[in-house]
Amino acid sequence: MPTRRRSWAEPWKIKMVEPLKMLTADERKAAIEGAGCNTFLLRSEDVYIDLLTDSGTSAMSDRQWAGMMLGDEAYAGSRNYYHLEDAVRDVYGYKHLIPTHQGRAAEHMISRLLIEEGDFVPGNMYFTTTRLHQEMAGATFVDVIIDEAHQPDLMHPFKGNVDLDKFQALIDEVGAEKIPYISDATTVNMCGGQPISLENLRQVSELAHANGILVIHDMTRVAENALLIKEREPGQADRSMEEIVRDICDLTDGCTMSSKKDHLVNIGGFLAVNDDALADKARNMVVIYEGLHTYGGMSGRDMEALSIGIYESIQYDHIHARVGQVHYLGNKIADEGIPIMKPIGTHGVFLDAKRFLPHLDQDEFPAQALAAELYVESGVRAMERGNVSAGRNPDTGENRRPALELVRLTIPRRVYTQAHMDVVAESVMEIWDKRESIGGLEFTYEPEYLRFFQARFRPKC
Ligand SMILES: *Cc1c(COP(=O)(O)O)cnc(C)c1O
């Protein structure tokens, strides 16, 4: 008997659809020119398959939509806030919840509360908004991720891990009193959605706590990280998602969360901490910037959908299918010999623009150029994660020229089918075939902060 393959499929069926349309090639060319070659400046209506981000773009479940009808829109003490507080305590174990409108608001608050001018904040690679809030609060960010993370072609099961020697060296150099906390992210977005191991987090937590340093968890994609711990870390295969997620959180002192990712909602986030005094300060700060401490910028219905999404995010069938879809796309592209970040991460496939367009200098923004070209080719919208995203060094004013120059094809959760993934892979193959004809870009407008969102470019002649 020949062995037959049994495919897995998504653990849901579609109840409501949204039509897609594709512009003509000439219209797409005009659209990207009008957008200054920046996919963030395209109108969504001009996009065919939108892989700009997995942030706030996921499809809610019928249960979450039902929850939207149960919104208690009271200014103070909404019942949905208490549901959210219960869910955060139940699943993550953090004692105090401070709701915010999205993740960066939580980053803003924790940075302002813990950092003093001249401090240092180590982290497992930077994230754009996280680092900026740390810098604006007066800290210098120090990357303490393992070296393997900066090498796109190197296989390593936990490329997000912290290098304990680098962390120790920073403590020795500047003194533990200058390091209020280390930020440890699950998963690491900027190096391709790479996970950390439980063992590494345990060691980080021990070293930090032995030196009076807090561990603040950027848990934007903690469920995706937990799945890879289950699949890759010795001794974890038989443990549930709940147990692994809880272990991660228990090793940390607090978290910032962008619920627009793991939690399957279109808006929302929170800060959560265990320390009572820190929570009081955060509750006092949230009323200045976000709203009362029982809504923090979210409506009651948003908080209800979010509470339900927390439970859905850790269902094994869901997360297995979500990551499986990303790997399906990644393998299809990699099988053609097209250079991508390896191993394939959890929320997207990252094209390695340095090896895709080796004829361009990094200051000609190869990843930006590649994302623009992909849109013109196929109407697929991706985004740059390279020199433009990294910005300029505040001391020298030079482009940071990061080791990784990537184009991120980010997959929204529960939104696109396998056929969409096929079209995306085929579109990437088309531009791979004509890669030598793709030229570089130069700025026509460069904003001061988080320049990748709003910058404009023109082809460099
Ligand atoms: C999206 C994201 C954030 C910021 O959250 P927002 O909800 O976009 O403000 C922080 N860290 C990581 C790793 C993220 O992916």
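Everything quoted here is computed from the prediction, not taken from an experiment. (Residues numbered from 1 in each chain as written. Predicted model: local features only at pLDDT ≥ 70, side-chain atom pairs only at ≥ 80, totals over all residues. Heavy atoms only, no water.)

> Provide a residue-level description of the overall build of the chain, including the pertinent values.
Of regular secondary structure, the chain possesses 17 helices and 14 strands. Computed over its C-alpha atoms, the radius of gyration of the chain comes to 22 Å, within 12% of the 23 Å expected for a compact globule of 461 residues. Over its C-alpha atoms, taken along the principal directions, the chain stretches across nearly 60 × 55 × 55 Å. Buried residues in the chain amount to 59% of all 461 residues. Taking all contacts inside the chain whose residues are at least 6 apart in sequence as the whole, residues at least 24 apart take part in 72%. When the accessible area of the chain is evaluated, it comes to approximately 19300 Å², of which 49% is carbon and sulfur surface. Put simply, the chain has 49 plus and 71 minus side-chain charges, and the middle of one group is 4 Å from the middle of the other. (Helix = DSSP H or I, 4+ residues; strand = E, 2+ residues; numbered from the N terminus. Rg over C-alpha atoms; globule rule 2.2 N^0.38 Å. Buried < 20%, exposed > 50% of the residue type's maximum accessible area, 1.4 Å probe, protein only. Contact = heavy atoms within 4.5 Å. Areas by Shrake-Rupley, 256 points an atom, 1.4 Å probe, with all protein chains shown as cover. Lys, Arg positive; Asp, Glu negative; His and termini not counted. Charge placed at Lys NZ, Arg CZ, Asp CG, Glu CD.)

> Please set out the sheet that holds strand β12 (residues 406-410) residue by residue, giving values where relevant.
The antiparallel open sheet is built from three strands, whose spatial order is β9-β12-β11. In this open sheet, the two strands that pair with only one neighbour each are β9 (348-352) and β11 (383-385). Strand-to-strand, the axes of this sheet are offset by a mean angle of 35°, without reference to chain direction. Two elements, β9 and β12, share five bridges in a ladder whose sense is antiparallel. Its bridge partner lying in β12, V349 is registered against L409. Along the sheet face, helix α14 (residues 366-378) touches β9, β11 and β12 and points at about 40° away from the line of β12. (Pairing = 2+ DSSP bridges. Axes fitted to C-alpha atoms, helices over the stretch in contact; angles between N-to-C directions.)

> Before we move on, can you summarise the site of the ligand with the specific residues and values?
In the vicinity of the ligand, 14 residues are found, and the nearest of them are G103, R104, D218, S258 and K261. Between the ligand and the protein, one listed contact pairs an oxygen atom with a side-chain N or O atom of Q102 at 2.9 Å. Protein coverage of the free-state accessible area of the ligand, which is 380 Å², stands at 96%. Elements with a contribution of two residues or more to the shell around the ligand: α4 (103-114) and α5 (128-136). It is α4 that contributes the most residues to the shell around the ligand, three residues altogether. Looking at the shell around the ligand, its residues break down into one nonpolar, seven polar and six charged. (Near = heavy atom within 4 Å. Polar contact = N/O pair within 3.5 Å; in protein donor to acceptor, adjacent residues only side chain to side chain. Nonpolar A, V, L, I, M, F, W, Y, C, P; charged D, E, K, R; others polar.)

> Go over the packing of aromatic side chains with me, naming the residues and quoting the values.
The relation between two aromatic rings is expressed through the spacing of the ring centres and the mutual angle of the planes. Applying the stated criterion across every chain, the model contains nine aromatic pairs. Considering the side-chain rings of Y81 and Y82, the 5.1 Å spacing of their centres and the 80° angle between planes classify their relative orientation as edge-to-face. Of the residues examined, Y81 reaches a relative accessible area of 3% and is grouped as buried. Taking 5.7 Å as the distance between ring centres and 65° as the angle between the ring planes, the aromatic pair formed by F365 and F457 counts as edge-to-face. In this pair, F365 sits in the loop between α13 (353-356) and α14 while F457 sits in strand β14 (residues 456-459), placing the two residues 92 residues apart along the sequence. By relative accessible area, F457 is classed as buried at 4%. We note K230 situated over the ring of Y316; from NZ or CZ to the ring centre the distance is 5.5 Å. Across from the ring centre of W432, 3.6 Å away, lies the NZ or CZ of R435, which sits over that ring. (Phe/Tyr/Trp six-rings, centres within 6.5 Å; stacked < 30°, edge-to-face > 60°. Lys NZ or Arg CZ within 6 Å of the ring centre and 35° of its normal.)

> Please give an account of the environment of S240 that cites residues and values.
Position of S240 among the secondary structure elements: in the loop between α8 (222-232) and α9 (241-250). Given the relative accessible area of 27%, S240 is considered partly exposed. Through-space distance from the C-alpha of S240 to that of L227 is 9.1 Å; in sequence the pair is 13 residues apart.

> Residues and numbers for empty space enclosed by the protein, please.
The tally for this structure, following the rule as stated, stands at three cavities of 30 Å³ or more. Space inside the largest cavity adds up to approximately 80 Å³. Looking at the largest cavity, the residues that line it are E10, P11, W12, H318, A321, R322, Q325, P412, R413 and R414. Residues that form the lining of the largest cavity fall into these classes: four nonpolar, two polar and four charged. (1 Å grid on protein atoms, 1.4 Å probe; cavity = no way out; pocket = protein on both sides within 12 Å on 5 of 7 lines; lining within 4 Å. Points joined across faces, edges and corners; volume = space filled by probe spheres on them.)

> Tell me about the pairing of strand β8 (residues 269-273), and name the residues and values.
In terms of burial, β8 is a largely internal element, five of the five residues being buried. Residues of β8 alternate between two faces, with G269, L271 and V273 on one and F270 and A272 on the opposite face, all of them buried. Relative to β8, strand β2 (residues 96-100) runs antiparallel, the two being bridged by five bridges. Bridging from a neighbouring strand, L97 pairs with A272 of β8. Inspection of the sheet shows strand β7 (residues 254-258) paired to β8 by five bridges, in the antiparallel sense. Residue S258 lies in a different strand from β8, and its bridge partner there is G269.

> Go over the layout of surface pockets, please, and point to the residues and values.
Looking at the largest pocket, its volume works out to about 1500 Å³. M16, A59, M60, R414 and V415 are the residues nearest the centre of the largest pocket, which is lined by 35 residues in total. For the lining of the largest pocket, the secondary structure elements donating two or more residues are α2 (62-68) and α12 (316-334). At three residues, α2 tops the list of elements feeding residues into the lining of the largest pocket. Taken together, the residues that form the lining of the largest pocket break down as 15 nonpolar, nine polar and 11 charged. Both domains that meet at the lining of the largest pocket, namely domain 1 (25-54 + 316-459) and domain 2 (62-313), each give it at least three residues. Of the volumes computed, that of the second largest pocket is approximately 630 Å³. Looking at the second largest pocket, it is lined by 25 residues, and the ones nearest its centre are E135, R392, N393, P394 and R400. Sorting the residues of the lining of the second largest pocket by element identifies α5, β4 (140-143), α15 (387-390) and α17 (451-454) as the ones contributing at least two each. (Domains from an automatic or database assignment.)

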